[in-house]
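A structural walkthrough
Each chain, letter by letter, is given below.
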Amino acid sequence: MSPEPKKRRTSPSPSPRPSKAPFPHVNAAYDEALDKYGPVVVVPRHGRRDHVIDHRYIRQALVEDPGSFSFEKGAAELLNLGFISLDNTAYIHDIHNLVAKNVQPRLSGIVEHLAPAIQTQLDRIETADGTTIGGSGSNEEKKSWVECPDLFDQIQLAVAQAMVVLILGESHAANPTMAKHFAAVAVGMADLAGTHESTHAWSRLPRLWAFWNALTAAALIILPTILFGIAPALWKTRHAHLANGLAAAQQKQRQGDFTPLFDVALAQHCGGQSSGLAALSGFLHCLTLCVSIIWASVHQTVVAAVWTLVRLVQEQDEYLPAIRREWESVFDGDGDGDERRLSAKKLSQLVLLDSFIREVMRTRGDTLGCVRQTTRPVQVGPYVIPAKAMCMMPISRAQQHPDNYGTTGGVFDGFQWQKLGRQATQVGPDFLTFGLGKWACPGRQLAVHDIKIVLYALLSRFDIRLSKNTFLIPNTINTASVAPVAILQLKQA
Ligand code: HEM
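Numbers given to residues run from 1 along each chain, matching the order in which its sequence is written. Predicted model: local features are reported for residues with pLDDT of at least 70 only, side-chain atom pairs are reported and counted for 80 or more only, and whole-chain, interface and lining totals are derived from all residues. Here the side-chain values reflect all heavy atoms present in the structure, with hydrogen atoms and water set aside.

**Section: the packing of aromatic side chains**
The description of an aromatic ring pair rests on the distance of the ring centres and on the angle between the ring planes. Cut-off, in case you're wondering: Pairing of aromatic rings covers Phe, Tyr and Trp, the last counted by its six-membered ring, and requires centre-to-centre distances within 6.5 Å; plane angles under 30 degrees mean stacked, over 60 mean edge-to-face, and any other angle means tilted. Only DSSP runs of H or I with at least four residues qualify as helices, and only runs of E with at least two residues qualify as strands; both kinds are numbered from the N terminus onward. For every residue, the accessible area (1.4 Å probe, protein chains only) is compared with the maximum for its type, and the residue is labelled buried under 20%, exposed over 50%, or partly exposed between those bounds. Ring-over charges, as used throughout, are those where CZ of Arg or NZ of Lys falls within 6 Å of the ring centre and within 35 degrees of the ring normal.
Here the structure, examined in full by the defined rule, presents eleven aromatic pairs. Between the aromatic rings of Tyr-405 and Trp-417, the centroid separation amounts to 6.4 Å while the plane-to-plane angle is 85°, which identifies the pairing as edge-to-face. Taken together, the residues Tyr-405 in helix H17 (residues 402–405) and Trp-417 in helix H18 (residues 416–420) connect sequence positions twelve residues apart. The exposure classification of Tyr-405 matches that of Trp-417, with both residues buried. An aromatic cluster of at least three residues, connected via ring pairs, comprises Tyr-319, Phe-356, Phe-412 and Phe-415. The cationic tip of Arg-238 hangs over the ring face of Trp-235; the distance from NZ or CZ to the ring centre is 3.6 Å.

**Observations concerning the packing of helix H5 (residues 107–123) against helix H6 (residues 151–167)**
To be explicit about the condition: Working convention: axes come from line fits to C-alpha atoms, limited for helices to the stretch in contact. Angles between N-to-C directions cover 0 to 180 degrees. Relative orientations are named as follows: roughly parallel for angles under 35 degrees, roughly antiparallel for angles over 145 degrees, roughly perpendicular for angles from 65 to 115 degrees, and oblique for any other angle. In this scheme the crossing of two helices becomes right-handed for a clockwise turn of the near helix relative to the far one and left-handed for an anticlockwise turn of less than a right angle. Residue contacts follow a heavy-atom distance rule, with two residues in contact if any of their heavy atoms lie within 4.5 Å. Side-chain classes follow a simple rule in which Ala, Val, Leu, Ile, Met, Phe, Trp, Tyr, Cys and Pro form the nonpolar group, Asp, Glu, Lys and Arg form the charged group, and the remainder, Gly included, forms the polar group.
It is at 8 Å that the axes of H5 and H6 come closest, and there the two elements cross at 150°. When the axis of H5 is compared with that of H6, the two are roughly antiparallel. For H5 against H6, the interelement crossing comes out right-handed. Between H5 and H6, the contacting residues are Ile-110, His-113, Leu-114, Ala-117, Ile-118, Gln-121 and Leu-122 on the first element and Gln-154, Ile-155, Leu-157, Ala-158, Gln-161, Ala-162, Val-165 and Leu-166 on the second. Residue composition of the contact of H5 with H6, by class: eleven nonpolar, four polar and no charged.

**Some points on helix H3 (residues 71–78)**
Among the residues making up H3, those that are buried are Glu-72, Gly-74, Ala-75, Ala-76 and Leu-78. If you follow the buried residues of H3, they end up packed against strand S2 (48–53), strand S3 (69–70), helix H4 (89–102), helix H8 (176–192), strand S7 (368–374) and strand S10 (390–394).

**Side note on the pairing of strand S12 (residues 488–492)**
Counted only if it meets this: The criterion for strand pairing is that DSSP finds at least two bridges linking the strands in question.
Burial within S12 is extensive, with four of its five residues counted as buried. Where strand S6 (residues 146–148) and S12 come together, three bridges link them in antiparallel fashion. Looking at S12, one finds that Val-146 is bridged to Leu-490. Note: strand S11 (residues 462–466) against S12, five bridges, orientation antiparallel. Residue pairing across strands places Leu-466 opposite Leu-488, the latter belonging to S12.

**Overview of the packing of H4 against helix H11 (residues 261–269)**
Running from N to C, H4 and H11 cross one another at 125°; their axes reach a closest spacing of 11 Å. By the criterion of interaxial angle, the relationship of H4 to H11 is oblique. Read as a crossing pair, H4 and H11 show a hand that is right-handed. Listed contacts from H11 to Asp-94, Leu-98 and Asn-102 of H4 are Leu-261, Val-264, Ala-265, Gln-268 and His-269. Partitioning the contact of H4 with H11 into residue classes produces four nonpolar, three polar and one charged.

Fair warning: the whole summary comes from geometry, so function is off the table for now.
Rendered as structure tokens:
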């Protein structure tokens, strides 16, 4: 085939560029390869041959031909479960239905239960000297700048706590170790998916590394946490969960209603039994569904929240005053007298913050995503991709290319989406952070609400600054799974 003409690009990532991270120019390298040899380039990665499909053919792969590009098989292969010969289709459909039918349609009830979990967790922040700032206790409040080395962990715990409420319900959220179990599973699953394949020292032996990485993530983190942490607590309370799920199934559900996802799943998969073999197999099925949802939800939301926080702190002179004014007008002006009571309706009105979140996700530099596996040989442009090939989309290219953004694709403009009326959850071939087509993330509305709650919880109570006003991107290939590293300093606002 004839190579496509080479196009000049503006900078693919937000400033500042990482100073020490490996592969700082990875997106430019993919651009160059796709411009020169596209519309498909084959890249040896993770012991596989990944087929990267140019942005001009993304609609074909994600929207127009889902029969040839399987999400289910791609996800199983990504998690190193491809060796299982079982058809994963039904299982993945169960996960999709559980989230798609019970999260977005019940968002207002969910946010009402979930927001206090995040706020409470972030009310008091642990600092480098072991003390806390925030909370109501005046003698431990800090009025001077203090370093907070593990704000990522504290945000992770807050989001994990929110997901405990969503998936298991408030009774389990009262046990603080459950959020830690959720966070551990989320990190383990991210490791299992090969997040560190480009930055681990010995990943140059990709097949051996993939095997060892999968073994250690599964055997040392995921399985023990599920078997000894999450499963026993759920087994003990299964009768109450099933009764709640069955009761909810019999009522006509309204927007404000909230039933934990585990309860809904038990009602669907246990055939009304809470003991016996059918109940046990239904219970195990629901447990694995919950683990998959933990994987899909916690880690990516935390990473996106940290990205947005770091960028907003870095650009605070330009953007934060307007965002704070928007908080005041939405939360104080609603007449309910309690600006800390967040609702889905109020969060949806935060259009400037929404725009900022979208712009951070558009420009943070995600290299590849939207994994699919071909089910048969497929023609893409002049090439034929063989059956069973792993396919990925070049996210950053699609989200910044002149074809989609003219000359301004590499320029960060935090409030442009508010002016254009495009929400952070609105997907398209030019914005793929949440995927596209039939399998676009069914939890994205909740994810964006979670991020808004985290930012409000932190920036309405604390002044935050970045040491040297800079941060490092430790993994330039996996910016959606690895958060930027920053030294954050806080003081009570
Ligand atoms: C910022 C946070 C999040 C990001 C960036 C994100 C991104 C994505 C992406 C890229 C996909 C694959 C789409 C595709 O390949 O076309 C996906 C799928 C999925 N996401 Fe999210 N997600 C986030 C949060 C969440 C949350 C909070 C939930 C659950 C409440 C969730 C549930 C799912 C599920 C179940 C799938 C599987 C696909 C399906 O069932 O249709 N995600 N997500």
